[in-house]
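Below are the chains, spelled out letter by letter.
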Amino acid sequence: MATIEECRAALDKLSDSMRGAEGDVRAAAAMDRSVSCHITDQDVTFAGRMTGGRIEVRDTFPGPPREKAQIRLAMTGDDLLALVDGELHFAKAWGSGRVRLEAGLRDLFHLRKLL
């Protein structure tokens, strides 16, 4: 089971990857939205903003998200690490229910370029 520190490092790595993106992916990463990522097996939530082409984690707290972020992710820590490392394909994980993504329709349209 991935640790909280490993999950935080994976989010930082994802953020760095987004910052270096080009074209449509860069445009999608440039959205300004609140974001939460609930790590279900650790029962911890990382909350922050997607802004300026990166994810800024501003708070980490126990339990599910306290507020409804505009973009909400939920998965196990191991799945987060596998996604970021390219070992797990997002669409397959989402389709099978291993990863949950909730957002408005317009945001989902933009996020498909990132994921």
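In short, a report on the structure. Since this is a predicted model, take the numbers as computed values, not measurements. Along each chain, residues carry numbers from 1 onward, in the same order as the chain's sequence is written. The model is predicted, so local features are restricted to residues of pLDDT at least 70 and side-chain atom pairs to those at 80 or more, both for listing and for counting; the totals for chains, interfaces and linings are taken over all residues. Calculated side-chain values reflect all of the structure's heavy atoms, with hydrogen atoms and water omitted.

On to the pattern of salt bridges, then. Basic side-chain nitrogens of Lys or Arg form a salt bridge, by our definition, when they fall within 4 Å of a carboxyl oxygen of Asp or Glu. Counted by the stated rule, this structure contains eight salt bridges. Ionic pairing is found between aspartate 32 and arginine 49, a salt bridge with its closest N-O pair at 3.0 Å. Separated by 17 residues along the polypeptide, aspartate 32 in the loop between helix H2 (23-29) and strand E1 (33-39) and arginine 49 in strand E2 (residues 44-51) bring together distant segments of the chain. Judged by its relative accessible area of 40%, aspartate 32 is partly exposed. Where glutamate 56 meets arginine 58, a salt bridge forms, and the shortest distance between an N and an O atom there is 3.1 Å. Only protein chains enter the accessibility calculation, which uses a 1.4 Å probe. A residue is then buried if its area is under 20% of the maximum for its type, exposed if over 50%, and partly exposed in between. Judged by relative accessible area, which is 33%, glutamate 56 ranks as partly exposed. Secondary structure is summarised from DSSP: a helix means a run of H or I of at least four residues, a strand means a run of E of at least two, and numbering begins at the N terminus for each.

Note that valine 84 resides in helix H3 (residues 77-84). On the accessibility criterion, valine 84 (19% relative accessible area) is buried. Taking the C-alpha atoms as reference points, valine 84 and serine 96, twelve residues apart in sequence, are found 18 Å from one another. Setting aside residues no more than four positions away along its own chain, valine 84 makes contact with Ala10, Lys13 and Leu14. Contacts: residue pairs with any heavy atoms within 4.5 Å of one another.

Once that is clear, we can look at the sheet that holds E1. By this definition, two strands are paired if DSSP reports at least two bridges between them. Judged by pairing direction, the sheet is mixed, and its five strands sit side by side in the order E3-E2-E1-E4-E5 without closing on themselves. Strands with a single pairing partner mark the edges of an open sheet, and in this sheet they are strand E3 (54-62) and strand E5 (100-103). Adjacent strand axes in the sheet meet at a mean angle of 20° when their direction is disregarded. Here eight bridges tie E2 to E3, and the two strands are oriented antiparallel to one another. Note that in E3 the partner of alanine 47 across the bridge is aspartate 59. An axis is simply a line fitted to the C-alpha atoms; with a helix, the fit covers only the stretch in contact. Between two such axes, the angle follows the N-to-C directions and lies from 0 to 180 degrees. Against the sheet, helix H1 (residues 4-19) contacts E1, E2 and E3, and its axis sits at roughly 165° relative to E3. Strands in contact with H3 are E1 and strand E4 (71-75); relative to E4, the strand with the most contacts, it is inclined by about 110°.

With respect to the helices and strands, the residue aspartate 79 is situated in helix H3. You can call aspartate 79 buried: its relative accessible area is 8%. Those residues within four positions of aspartate 79 in sequence are excluded, and the remaining contacts are Leu88 and Arg98.

Of all the eight residues making up H3, six are buried; the element is thus mostly covered by neighbouring parts of the structure. Here H3 has its buried residues at Gly77, Asp79, Leu80, Ala82, Leu83 and Val84. Contact partners of the buried residues in H3: H1, E1, E4 and helix H4 (90-96). Just beyond H3, the residue with positive phi is glycine 86, at close to 80°.

Everything listed here is a matter of geometry and, on its own, says nothing about what the molecule does.
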